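Close look at the chain arrangement
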Amino acid sequence: MVFSSILRKSASSLAPLASRLTRVNRNYHSAIFTASQTLYQKPNLGPFAPNLYFSTATETTKPRSDDSLLRIIDSEIKCAVEETPGGFPFKIEDNPGLQTITLTREYEGELVKVEVQMPDLVSGEQPEAVDDDNDMETPNQSSIPLVVTVSKSSGTSLEFNCVAYPDEISIDSLAVRKTENLEDEAGYEGPDFHDLDENLKKAFHKYLEIRGIKPSTTNFLFEYMLNKDSREYLIWLKKLKDFVEA
């Protein structure tokens, strides 16, 4: 009986203490939560406050001015690119800095190679020149010189020296070559092409035409060679773009 009275008195005396401890513990956790919120909350320092928070990650993004420059370069590249017409039968080898280009293709086991030189331009009205030896008039037109070589697997080839005018191709000479007999190059190369029988000349023109040497090809080549400076500019632009992107 006495023991029960003691326990009731102890419980009644400890109750206020437990209540105070509970309030202290609650206030402690509330203070910790408030402090953590304050620590990680970005203070409002106004619209002109400097950004005092920095990311620890290293950013390597390019300046916006570089993006603008790249867009302009890409636009210039698209304008400078010259498209090859559909059905163009040759592969074009254009070495920067050279005044010639080389065309190649295979045709029924033959290798057709064309060396294209820079055009001879005629501007304005000029009188047609007369060749005193052959009494032939030289057309008053711009032209482009070509050397066409048709080679067989045996090592024998035909070499045509041609001049292409707008919508017309003229054959000046024709020679038979054999790679293992280079000393024969100084020998007889056949008659002057213009002295050949008319039917034979037409047959050789047809021979070249079915191998891709025709006015539609040479007219494109004329424009291509005139715009060779633009292609050199294109190469420079691409080098510039690679530098900016690096």
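Here's what I pulled together on the structure shown here. (Residues numbered from 1 in each chain as written. Predicted model: local features only at pLDDT ≥ 70, side-chain atom pairs only at ≥ 80, totals over all residues. Heavy atoms only, no water.)

The next point concerns the overall build of the chain. Regarding its fold elements, the chain presents 5 helices and 8 strands. Listing the helices and strands of the chain from first to last along the sequence gives α-α-β-β-β-β-β-β-β-β-α-α-α. A total of 246 residues make up the chain; the buried ones form 24% of that total. Considering only contacts in the chain between residues 6 or more positions apart, those separated by 24 or more positions represent 53%. For the chain, the computed accessible surface area is about 18000 Å², with 55% contributed by carbon and sulfur atoms. (Helix = DSSP H or I, 4+ residues; strand = E, 2+ residues; numbered from the N terminus. Buried < 20%, exposed > 50% of the residue type's maximum accessible area, 1.4 Å probe, protein only. Contact = heavy atoms within 4.5 Å. Areas by Shrake-Rupley, 256 points an atom, 1.4 Å probe, with all protein chains shown as cover.)

Note that soluble globular proteins tend to have their nonpolar side chains buried in a common cluster. One finds Val-114, Val-116, Val-148 and Phe-160 to be the most contacted residues of the largest nonpolar core, which totals 30 residues. Elements that contribute at least two residues to this core include exactly strand E2 (100-107), strand E3 (110-117), strand E6 (144-151), strand E7 (156-165), strand E8 (168-178), helix H3 (198-209) and helix H4 (215-226). When residues of this core are assigned to their parent elements, the largest contribution, 5 residues, is made by H4. Contacts of Val-148, omitting those with residues within four sequence positions, involve Val-112, Lys-113, Val-114, Leu-158, Glu-159, Phe-160, Cys-162, Leu-208 and Ile-213. (Core = buried A, V, L, I, M, F, W, Y, C linked by side-chain atoms within 4.5 Å.)

Right, let's talk about helix H5 (residues 228-245) for a bit. With 18 residues, H5 extends 26 Å between its outermost C-alpha atoms, agreeing within 8% with the 26 Å of an ideal straight helix rising 1.5 Å per residue. Buried residues of H5: Lys-228, Arg-231, Leu-234, Leu-237 and Val-244, and no others. (Expected span 1.5 Å × (residues − 1).)

Take the pattern of salt bridges next. By the definition in use, this model includes 6 salt bridges. A salt bridge links Lys-241 to Asp-74, with the shortest nitrogen-to-oxygen separation between them at 2.6 Å. Highlighted residues: Lys-241 in helix H5 and Asp-74 in helix H2 (residues 64-80), separated in sequence by 167 residues. The class of Asp-74 is partly exposed, set by a relative accessible area of 28%. Between Glu-110 and Arg-211 there is a salt bridge, and its shortest N-O distance comes to 2.8 Å. Of this pair, Glu-110 sits in strand E3 while Arg-211 sits in the loop between H3 and H4, placing them 101 residues apart in sequence. The buried category is assigned to Glu-110, whose relative accessible area is 6%. With relative accessibility at 8%, the residue Arg-211 sits in the buried group. (Salt bridge = Lys/Arg side-chain N within 4 Å of Asp/Glu carboxyl O.)

Read across the sheet, 6 strands follow the order E1-E2-E3-E6-E7-E8 without closing on themselves; strand pairing throughout is antiparallel. Either end of the sheet is taken by a strand with one partner, and the two such strands are strand E1 (91-93) and E8. Within this sheet the neighbouring strands show an average axis-to-axis angle of 20°, counted without direction. Pairing of E6 with E7, which is carried by 8 bridges, proceeds in the antiparallel orientation. Its bridge partner lying in E7, Ser-151 is registered against Ser-157. Helix-sheet contacts for H4 involve E1, E2, E3, E6, E7 and E8, and the interaxial angle to E2 is about 150°. (Pairing = 2+ DSSP bridges. Axes fitted to C-alpha atoms, helices over the stretch in contact; angles between N-to-C directions.)

We now examine H3. For H3, built from 12 residues, the straight-helix expectation of 16 Å at 1.5 Å per residue is met to within 8% by its first-to-last C-alpha distance of 17 Å. The backbone nitrogen of Asn-199 lies 2.9 Å from a side-chain oxygen of the residue at the head of H3, namely Asp-197. (Polar contact = N/O pair within 3.5 Å; in protein donor to acceptor, adjacent residues only side chain to side chain.)

Along the polypeptide, Thr-102 turns up in strand E2. Relative accessible area serves as the criterion here: at 18%, Thr-102 is assigned to the buried category. Aside from chain neighbours lying at most four places away, what touches Thr-102 is Lys-91, Ile-92, Glu-93, Lys-113 and Val-114.

Turning our attention to the packing of aromatic side chains. Inspection of the entire model under this criterion finds 7 aromatic pairs. Centroid distance Phe-88 to Phe-220: 5.0 Å. Interplanar angle 65°. Geometry classified as edge-to-face. With a gap of 132 residues between them, Phe-88 in the loop between H2 and E1 and Phe-220 in helix H4 connect regions that are remote in the sequence. Comparing Phe-88 with Phe-220, the two get one shared label, buried. Here the aromatic rings of Phe-193 and Phe-204 are separated by 6.2 Å at their centres, their planes lie at 55°, and the arrangement is tilted. Placement of Phe-193 in the loop between E8 and H3 and of Phe-204 in helix H3 is noted, with a sequence separation of 11 residues between them. Connected via pairs of aromatic rings, a cluster forms that spans Phe-88, Phe-90, Phe-220 and Tyr-224. Of note, Arg-105 hangs over the ring of Phe-90, and the distance from its end group to the ring centre comes to 5.8 Å. (Phe/Tyr/Trp six-rings, centres within 6.5 Å; stacked < 30°, edge-to-face > 60°. Lys NZ or Arg CZ within 6 Å of the ring centre and 35° of its normal.)

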